[in-house]
Amino acid sequence: KVSVEMGYVFLAGTLLAIIQLGSSELASRFVIKEENEDSNETRTLRRTAGLQLGTMAPALSVYSFTREFVGSEFAGLAALADIPTKIYTLILIPYYLRFRG
């Protein structure tokens with residue numbers, strides 16, 4: 001049965017994926033600094049760091065804890081919240097990589 005709460009959970013998962021992508025880009029820019037900002041090595045390191053941080057699956061590590069301590073119905077909601085991250089990881093990353101070049 002589909003409910004409004006499920007839509008909110010999916011929306012929260014989408015927001016999490018967007019925040020994760022944005023924060024990975026910011027982290028790669030602030031952490032990897034070099035005198036020459038236009039060097040290929042700097043751009044490659046930033047692109048790699050942004051991709052690795054942006055594709056972490058935070059929800060996967062909490063499924064078992066959610067199911068054990070909160071209940072199976074909430075484990076399903078946790079999986080629903082993780083769907084946008086999976087869509088990004090499996091479908092949108094090739095386009096993102098072309099954009100980042």
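Heads up: the structure comes first, above all this text.
Residues numbered from 1 in each chain as written. Predicted model: local features only at pLDDT ≥ 70, side-chain atom pairs only at ≥ 80, totals over all residues. Heavy atoms only, no water.

Asker: Before we go on, may I ask you to explain the packing of aromatic side chains in this structure?
Answerer: Two aromatic rings, taken as a pair, are described by how far apart their centres are and by the angle between their planes. With the rule as written, the count across this model stands at one aromatic pair. When the ring of Tyr88 is compared with that of Tyr96, the centres are 6.3 Å apart and the planes differ by 65 degrees; the resulting orientation is edge-to-face. (Phe/Tyr/Trp six-rings, centres within 6.5 Å; stacked < 30°, edge-to-face > 60°.)

Asker: Hey, could you run me through the pattern of salt bridges in this one?
Answerer: Pairing of side chains with opposite charge becomes possible as their charged atoms draw close. What the rule picks out here adds up to one salt bridge. Notably, a salt bridge pairs Lys86 with Asp82, separated by 2.9 Å at the nearest N-O pair. Placement of both Lys86 and Asp82 in helix α4 (residues 72–100) is noted, with a separation of four residues, approximately one turn of the helix. (Salt bridge = Lys/Arg side-chain N within 4 Å of Asp/Glu carboxyl O. Helix = DSSP H or I, 4+ residues; strand = E, 2+ residues; numbered from the N terminus.)

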